[in-house]
Structures are given as C-alpha cells and as structure tokens.
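Observations on the three-dimensional arrangement
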Amino acid sequence: MDSVKESIKELGYIPMLETSQEIDYVAEIKRLKEEKNAVILAHYYQEPAIQDLADYVGDSLGLSYKAAETDADLIVFAGVHFMAETAKILNPTKKVILPDLNAGCSLADSCSAEDLATFKKKYPGHIVITYVNTSAEVKAISDICCTSSNAKKIVDSVPLDQPIIFAPDKNLGAWVQKETGRDMVLWDGACIVHEAFSMDKLLAVHKENPKARIIAHPESEAHLLKIAEYVGSTAGLINYVKTNPANEFIVATEAGILHEMQKEVPNKTLIPAPAKENNTCACSECAYMKMNTLQKLYTCMKYELPEVHVDKAIQEKALLPIQRMLEIS
C-alpha cells in the first residue's frame, strides 16, 4: 500500500500493478461496486465505457443532486477534480475517490480564491455567484453557486437592486446577462474546450448539412451562440434533441456527450462541432475528462485511492452556496 501511495504522490493516479494477468475491467468494476457499496457518478464527457458502467451519468447539476442524496458508502467520481470536491463537500463523512487527481479544469484554474477575494474588494456590496466549475476554496467565499442548467434561474432569484459578480465563465455570464437583462460584473475566465470551436469550420459543416440544427453549450463564445438555434446545458442539449422533430443536429460542446445523446435518439444524425485544431476526432475534447480510464477506475476502486479531501472549515463554508443553489433549483 505504501508503494501505491507513493505512486499517487508522483503520478496522481495508481499505475497498473497486475501486469501479469488479463483483467476484465468491466466485470471487476461491477464486482467492486457491489462489494464496497459504491456508487459511480460520471459526467457526460467521460469515455463511453465509463458512462456505460456508471450508476448515474449527468451534468454538473444532476451530479450534485445525486451526490447529495446517495446512501452509498463509497462515492466514485468519474469526472474532474472540482466535481469530486463538490461531492465531498456534500458528503463530508463519506469517502470520495477520483481515478486521477490530475483531472482538473481550465475554467476552475482561471479563478483562484486569492484572486477572487481581491476582486471582491473592488466591488463592495456585490453578491458573488460562482459556477460550480470552481475549487472548494472559491466556493467558500461565494454567496451562491450555479450550473449551466440553472444559472438563469439563480440570477433571477437575486433582487433587482442587488449588484452581482458572476465568476468565472465570462461566456456563460454574458449569455445569462442577455437572457435575464441583468448587468453583472463578469470574471474574465473561459473553458478552453468550449472556446476551441472553429466558426469557419462550423459554417462549412452546416453548409454540407443544411437541415442540421446547431445547438450549443452556453460556455461557447458569443458569436457561436448567436447562430445556435438552441443554447443549453449538457442535459438541456440532450433533452432538446429528444423533443425536437428535426433529424440532424450539429452539437457544439465536448464530444463525449454524443455517446449518451445517440442512445437517446438512435435514429437521428449527430455531428460534433469542429474544433480549430486538427485532431483525431475533428471535434472538441476535454483532455482532463479523458484522463480517467477503465484501468484507472478499476485500480481506484480496488485500493479506494486517490481520495479527495476538503478541509473542514472550507467544507462548511463551501456547503452553504451549494445548498442555496440546490434549494432554488
């Protein structure tokens, strides 16, 4: 076990130790889940094999609800670090594990607690609404959290005479401003995945597929959102393709969503919005989300490591804005 902990310190995850034998990861993960009374929570952006093994697949809001209500002894979070932290904040007495501690978030990294505290001093009297894509420390100095699913509802819940700081996603914030008519102070942060879409390539794909409806996540840039026929969270995008009569959609968000989306609409055509960079999938993928693999998920569950910890004082403060969000939602 000491060697395992040393590996985590060095790598952030447990390397494959049983190299001499073939392992049926799917069967072993299912066995460990039953044996340890574990629940596997996975984000839509995880690789398909992990999504298929999860007890629940969802967006940040749905995952927050599931984390808050679970009666499992062990919470296995197949997502990125801030998501596992949120689960730990909601379940301080339970063990929360993450396949790879290096699975971070460019958006969360753009806003440190220290920088936000300094920023707040420039705008006294402002309520602070932060996206869940933030660290526990940032949540701890926030008034209320939101997700892309409920951001508009959260902002609408704030009295009109109450000024607002919205952090850290400037694209989501700008979209919420447009939807609500509220003038908010926006933090200058963004998700590299949702800013990676190529407008020129997108228009070219639409020209080749003129009947396809363009749908987009609100973390995307404003010029892309202007041409989208629907803007919504990952869960909202899935619901839209299920209920809309159209048969073709160009989907502007992380490509991992297409797995669950296609299962919901097997007879419809889903086209990933193209990224600026030339890559193997010609779409926008989150490298952090893809750090989690079946192998890492298996070793994580076997050794119940790496474990996610949150300082008690931070946990108690961060819990309040999350609870306010869940109550309003």
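Note that this is a predicted model, so its numbers are computed, not measured.

Criteria and cut-off values
- Residues numbered from 1 in each chain as written.
- Predicted model: local features only at pLDDT ≥ 70, side-chain atom pairs only at ≥ 80, totals over all residues.
- Heavy atoms only, no water.
- Salt bridge = Lys/Arg side-chain N within 4 Å of Asp/Glu carboxyl O.
- Helix = DSSP H or I, 4+ residues; strand = E, 2+ residues; numbered from the N terminus.
- UniProt positions renumbered as here; feature names shortened; annotations may be inferred.
- Contact = heavy atoms within 4.5 Å.
- Polar contact = N/O pair within 3.5 Å; in protein donor to acceptor, adjacent residues only side chain to side chain.
- Pairing = 2+ DSSP bridges.
- Axes fitted to C-alpha atoms, helices over the stretch in contact; angles between N-to-C directions.
- Domains from an automatic or database assignment.
- Buried area = accessible area lost by both parts, 1.4 Å probe.
- Nonpolar A, V, L, I, M, F, W, Y, C, P; charged D, E, K, R; others polar.
- Phe/Tyr/Trp six-rings, centres within 6.5 Å; stacked < 30°, edge-to-face > 60°.
- Buried < 20%, exposed > 50% of the residue type's maximum accessible area, 1.4 Å probe, protein only.
- Lys NZ or Arg CZ within 6 Å of the ring centre and 35° of its normal.
- Parallel < 35°, antiparallel > 145°, perpendicular 65-115°, else oblique.

This structure, assessed with the given rule, holds 16 salt bridges. Between K312 and E316 there is a salt bridge, with its nearest N and O atoms 2.4 Å apart. Note that K312 and E316 are positioned in helix α16 (residues 312–328) at a spacing of 4 residues, about one turn of the helix.

Another point: the UniProt feature "binding site: iminosuccinate" (unreviewed entry) in the protein chain. The feature "binding site: iminosuccinate" (unreviewed entry), as given by UniProt, occupies H43, S60, Y131, V132, N133, S148, H217, P218, E219 and T234 in the numbering adopted here. As for its placement among the helices and strands, H217 is situated in the loop between β9 (213–216) and α12 (222–227). In this view, H217 contacts Y45, Y131, S148, H194, L225, V231, G232, S233, T234, L237, A252 and T253; residues no more than four positions away in its chain are not counted. Side chain to side chain, H217 and S148 meet in a polar contact 3.3 Å long. Here T234 lies in helix α13 (residues 234–243).

The next subject is the sheet that holds β9. One open sheet accounts for 4 strands, arranged β10-β9-β11-β12; its pairing is parallel. Edge strands, defined here as strands with exactly one partner in the open sheet, are β10 (230–231) and β12 (269–272). Taken together, the 2 bridges between β9 and β10 define a ladder with parallel strand orientation. In the sheet register, I215 faces β10, and the bridge partner there is Y230. Most of the contacts of helix α11 (residues 199–208) go to strand β11 (residues 248–252), to which it runs at about 175°, and overall it touches β9, β11 and β12. Of the strands in this sheet, β9, β10 and β11 are in contact with α13, which crosses β9 at around 160°.

Here we come to the domain arrangement of the protein chain. When cut into domains, the protein chain gives domain 1 (1–104 + 289–309), domain 2 (107–190 + 315–328) and domain 3 (199–285). On a C-alpha basis, the centres of domain 1 and domain 2 stand 28 Å from each other. Listed as interface residues are 13 residues of domain 1 and, on the opposing side, 16 residues of domain 2. Per-residue buried area on domain 1 facing domain 2 is highest for L61, F82 and I89; these three make up 47% of the total on that side. There are 0 salt bridges connecting domain 1 and domain 2. Inspection of the domain 1/domain 2 interface yields 4 residue pairs in polar contact (both at pLDDT 80 or more). Ranked by residue count, the leading element in the side of domain 1 that touches domain 2 is helix α5 (residues 81–90), at 6 residues. Here the side of domain 1 that touches domain 2 is composed, by residue class, of 7 nonpolar, 3 polar and 3 charged.

Taken as a whole and assessed by the stated rule, the structure comprises 5 aromatic pairs. Consider the rings of F119 and W187, whose centres lie 5.1 Å apart with planes at 75°: the pair is edge-to-face. In this pair, F119 is assigned in helix α7 (residues 113–122) and W187 in the loop between β8 (185–186) and α11, connecting sequence segments 68 residues apart. Look at Y240 and F249: their rings are 6.2 Å apart centre to centre, the planes differ by 80°, and that puts the pair in the edge-to-face class. Residue classification places F249 among the buried positions, given a relative accessible area of 0%. Taken together through their ring pairs, the aromatic side chains of F119, Y123 and W187 make up a single cluster. The ring of Y13 is capped by K296, whose NZ or CZ atom sits 4.1 Å from the centre of that ring.

Our focus in this paragraph is the packing of α5 against α16. α16 packs onto α5 with a crossing angle of 95° between their chain directions and a minimal axis gap of 9 Å. Relative to α16, the element α5 is oriented roughly perpendicular. Residue-level inspection shows T86, K88, I89 and L90 of α5 in contact with α16, the latter providing Q315, A318, L319, I322 and L326. A per-class count over the contact of α5 with α16 returns 6 nonpolar, 2 polar and 1 charged.

A word on the pairing of β12. In the sheet, β11 pairs with β12 via 4 bridges, with the strands oriented parallel. The partner of I250 across the bridge, within β12, is I271.

With numbering matched to this structure, UniProt assigns "binding site: [4Fe-4S] cluster" (unreviewed entry) to C105, C191 and C286. These residues run over 182 residues, yet every pair of their C-alpha atoms falls within 9.4 Å of each other. Its place among the elements puts C191 in the loop between β8 and α11. Look at C191 and you get buried, because its relative accessible area is 11%. Leave out the neighbours within four places in its chain, and C191 touches S106, L107, D169 and E219. With respect to the helices and strands, the residue C286 is situated in the loop between β12 and α15 (294–303). What makes C286 buried here is its relative accessible area of 12%. With residues up to four places along the chain from it excluded, the contact list for C286 reads V193 and E254.

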